[in-house]
Amino acid sequence: MNSPMGDRVGNQEDIVIKAERVSKSFPGVRALKEMDFEVIRGEVHALVGENGAGKSTLMKIIVREYIEDEGNIFIEGNNVKDLGIRGVQKLGLSLIHQDLNLIPMLTVAQNICLGREPVTRFGTIDWKAMGLKAADFLGQITSEINVEDRVEGLSNSQQQLMAIARALVTSPRILILDEPTARLDQKTSDSFFLFLERAKQKGLTVVYISHRLEEIYRICDRVTVLRDGTKIITAPINEIPQTELVKYMLGREIEQQVPKESVPIGEVKLSVRDLYPKEKGKDINFDLKSGEILGIVGSIGAGKSEVARAIFGADPKQSGTIRISGKEVKTNAPHDAIDHGFALIPEERRDQGLVGNESVRKNMTMAALKKKFCVGPSWIDQDKETAAVKTSIKTLGIATPSPEQEVQFLSGGTQQKVVVAKWLMSDSDIYIFDEPTKGIDVGGKYDIYKLIVDLARQGAGIIFISNELTEVLSLCDRILVMFNGQIIKELETQASNREELLFYVMGGRDYAKTVNDL
Amino acid sequence: MSKSNSSATPSDVRNSGEIETGTPKGNRSIIRYGIFVIFGLFYAIVTILRPGFLSLGNFYDIFIETSIISFVSFGEAIVIAAGGLDLSVGNIAGAAAMLTCHLMSNLGFDLGTSLVAGVAIGGLIGFGNGLMVTRLHMNSLIATLGTMFVLVGFLYGLTGGVTVHIVPENFEYLGNGTIMSIPVPMYFMAFIFILAYLFMEKTSYGRNIRMIGGNIEACRLSGINIKNLTLMTFVLCGFLSTFSGILLAARQALGNVDLGERFLLEAFIAAMLGTVIFDGKNIITGTLLGAIFLISLLNGLTLLGAGPQWMYFAQGGLLLAAILANYYSKRLALKIPGQKK
Ligand SMILES: Nc1ncnc2c1ncn2[C@@H]1O[C@H](COP(=O)(O)OP(=O)(O)OP(=O)(O)O)[C@@H](O)[C@H]1O
Ligand SMILES: [Mg+2]
């Protein structure tokens, strides 16, 4: 049709996934409308679109977790209508979920081999073989994880890598990755891309969902843009410049510019001295001024979140003092910290940010309920609440059929927006954002950047933790680099650049000298 | 720069045409309608076999009984909403009733003092339960199981296991009297129902109690004081349980050591049904409906001449059904919404 690739796809044999006019509705939402989708053998096919566009839904239908209302799906020519989840796995298909679906109490090995445990002659589980099998699959991607560890003790990125290893157990020929790099840092992503490269050479076909456009240009062959549940275009990636791609996704143009009109920077607002978080990190010292956006970067495991959580009282501290405008405050629990004007946007939306079976409204107002939406000490003013929630839904472009929708039914990125909205409502003084744009679409990211700059302009102090160096460089005034639990470098954004940042993130010591020596 | 314009996404536009009002729930309502249908059928059968089931006199019986178990059921429902469980409710009710009767009949205190003491001890025991759960980090099941047995000891110790018979006339009135030909317990029930409903649905306390039950860590990180709220649920539960115990003693005009024992099962069933009926929303109204269902079921079985074994079968079956329904309504919600076939 309108696909520039259309004529080149002559050989029907080579179409491994074909979805025809697939429609799917949920109560109150039409997630997919006559969606067409084709993937050719051996390619890395990107699937992009806004939060709530229907990407994950389409993939879940392809692997038969959801059943379409209408339409047909063929895997290598086989109609999957009557196949179950196991049935499509036999056809060589494997999906890695956006939200992973791991079992936290079990070990890495148990999770990886779940449902396909090797057995001994006597029919009992062969633990030793299981460990070896798990280590084998895990080894294809990373060498950092011990298969005996429990999943709940792993970091975010380790869990992501593990989920990928688990998907490999069925030896898939088609791998569907739903935002695999949202939890990974630069270094881990890079090694993950190398893995993909190798797998592709061995004939693996990949469907790749991501909101990070740079990586799509880096690793994908073709791209399909989904908007409001329908296909907008499928084309080779190098035929669509990035601005075009964004326009296809949003149906409009946006300024991909962070409005960094200089915000006046004021007095020191927060001073952290000699902080030793209990979890990880040592000797943390820094100041944050009002109106300032302070970035914290570092590879995964550097201790960024641990520092944030210790300041906020979410984790205990070994020692250290925290002063607000010169006055020492105790933050032993999050509610103490909130009383002192702190807000922490946590890194894990599902476990730390949301009450899944409650509505968008209740989730959004949860942090500010007493402060802003109650008459007297505790009587909820529901009209005021609903009005505020509706405004937020508009400002952040939250794709929900109504404020009363339960958040568990929202798309991944939309859930993230709800978490951000919750804290933007809190009228705090000091905001700590821990990976706030994880899983959020291009348009949504710029909305959030703008809102953060607005907060700074109103005099708040902002700590911005992120793995995406690009956004840190464009948003922050100053950047702290953490390595192995310590702050190893402080950089003024204006006088720095991506290479220097990356150098320190990797644990480098003296950039100027190293560059000179080269 | 007008922000609302620049960020109106196509999703807004898309959704604006297709908004359904209310909360979309998918298959979950099947369970709720199932409950109504099953009970409707049962009532129809009982009515055909025993027309007396629909008489006004029987209705009063049902409503008085419902009133009596409603308090303890509300209490249990509130604890369950926050993710806990209170096994000691029956014994709290019993302890409150026995203490009141003992003070009044054996030690000669006046009605008011005895009632206050009875209600206060319930709150106090609830506070103890709450402390064990929030400060000593005990599992609520284990903590309240302990309380349950301690209270059995207390009950026997109080009167040496002897039933207290002689109670003042005006005490009995609480259970058997009428005002404008409506039984007194129903006034209590109506009053407490409204308070409990407003507390759970309209105040930040009730809202946050439910949120805790949904995801305790997210609540903690949002600054909700989970310890104090959890403590509060146990205090409320203990406090509410005493009403059931004292009214039952008043109705029977006697206090005996095992008076409250039936309440644990009944409250648990009513609260579980209550949680299922409205998908975990509006649990107080749901629990009241659950209590009505349960009591009319027992009443119907009695009219049909069923022996105690059938009562227990029915209650046990209903409890399991309610727990299963709860479990499946969660699964339906998460896994297969809108699925065909
Ligand atoms: N189980 C569900 N119940 C109800 N609605 C759902 C369900 N799953 C998805 N939806 C709705 O379907 C639409 C598409 O969701 P989907 O998860 O496919 O989006 P997505 O493109 O993956 O977005 P994201 O980039 O945020 O992950 C959304 O509006 C979402 O709210
Ligand atoms: Mg998704």
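Structure report, in brief. (Residues numbered from 1 in each chain as written. Chains lettered and ligands numbered in written order. Predicted model: local features only at pLDDT ≥ 70, side-chain atom pairs only at ≥ 80, totals over all residues. Heavy atoms only, no water.)

All names here are of chain A. Volume-wise, the second largest pocket comes out at about 580 Å³. Around the second largest pocket, the lining comprises 27 residues; the ones closest to its centre are Leu213, Glu214, Lys445, Glu468 and Thr470. Listed by contribution, the elements that provide at least two residues to the lining of the second largest pocket are helix H6 (186–201), helix H7 (213–219), helix H16 (442–457) and helix H17 (469–475). Per-class residue counts for the lining of the second largest pocket are eight nonpolar, nine polar and 10 charged. (1 Å grid on protein atoms, 1.4 Å probe; cavity = no way out; pocket = protein on both sides within 12 Å on 5 of 7 lines; lining within 4 Å. Points joined across faces, edges and corners; volume = space filled by probe spheres on them. Helix = DSSP H or I, 4+ residues; strand = E, 2+ residues; numbered from the N terminus. Nonpolar A, V, L, I, M, F, W, Y, C, P; charged D, E, K, R; others polar.)

All names here are of chain A. The sheet built from six strands is open, its strands ordered E6-E7-E8-E3-E9-E10 with mixed pairing. The sheet is open, and its two borders are formed by strand E6 (93–96) and strand E10 (230–236), each paired with just one other strand. When strand polarity is set aside, the average angle formed by the axes of neighbouring strands in this sheet is 15 degrees. Packed onto the sheet, helix H5 (residues 156–168) meets E6 and strand E7 (174–178) and runs at close to 170 degrees relative to E6. (Pairing = 2+ DSSP bridges. Axes fitted to C-alpha atoms, helices over the stretch in contact; angles between N-to-C directions. Contact = heavy atoms within 4.5 Å.)

Looking now at H5(A). Residue and element names in this part refer to chain A. End to end, H5 covers 19 Å across 13 residues, agreeing with the expected 18 Å (1.5 Å per residue, within 8%). Counting buried positions along H5 gives 12 out of 13 residues, so the element sits mostly inside the fold. Looking only at H5, the buried set comprises Asn156, Ser157, Gln158, Gln159, Gln160, Leu161, Met162, Ala163, Ile164, Ala165, Ala167 and Leu168. Packing partners of the buried residues in H5 comprise E6, helix H3 (108–112), helix H4 (127–139), E7 and H6. (Expected span 1.5 Å × (residues − 1). Buried < 20%, exposed > 50% of the residue type's maximum accessible area, 1.4 Å probe, protein only.)

Moving on: the site of ligand 1. Surrounding ligand 1, one finds 22 residues, the nearest of these being A:Lys55, A:Ser56, A:Thr57, A:Ser411 and A:Gly413. Surrounding ligand 1 is a set of residues that belongs to chains A and B. The contact in question runs from an oxygen atom of ligand 1 to an N or O atom on the side chain of A:Asn51, over 2.9 Å. Within the backbone of A:Ala53, a nitrogen or oxygen atom sits 3.3 Å from an oxygen atom of ligand 1. Surface burial for ligand 1 is 96%, taken as the share of its 630 Å² of free accessible area covered by protein chains. Every element with two or more residues in the shell around ligand 1 is listed here: strand E2 (29–40), helix H1 (55–62) and helix H15 (412–424) of chain A. Each of two domains, domain 1 (1–92 + 200–253) and domain 3 (358–427) of chain A, supplies a minimum of three residues to the shell around ligand 1. (Near = heavy atom within 4 Å. Polar contact = N/O pair within 3.5 Å; in protein donor to acceptor, adjacent residues only side chain to side chain. Areas by Shrake-Rupley, 256 points an atom, 1.4 Å probe, with all protein chains shown as cover. Domains from an automatic or database assignment.)

Before going further, it helps to examine the pairing of strand E20 (residues 461–465) of chain A. Residues and elements named next belong to chain A. Within E20, five of the five residues are buried, leaving the element largely enclosed by the surrounding structure. Of the two faces of E20, both are covered, the one formed by Gly461, Ile463 and Ile465 as well as the one formed by Ile462 and Phe464. Pairing of strand E13 (residues 293–297) with E20 involves four bridges; the strand directions are parallel. Counted as the bridge partner of Gly295 is Phe464 from E20. Bridging between strand E19 (residues 430–434) and E20 involves five bridges; their strand directions are parallel. Considered in E20, the bridge of Ile432 is made with Ile463. A crossover links E19 with its parallel partner E20, the connecting element being H16, and its sense is right-handed. (Right-handed = clockwise from strand over helix to strand, strands pointing away.)

A positive phi angle is found at A:Glu34, which is not glycine, with a value near 45 degrees. Tracing the chain through its elements places A:Glu34 in strand E2. Backbone geometry places B:Met180, a non-glycine residue, at a positive phi of 50 degrees. By the secondary structure assignment, B:Met180 is in the loop between strand E1 (178–179) and strand E2 (182–183). With a relative accessible area of 67%, B:Met180 lands in the exposed category.

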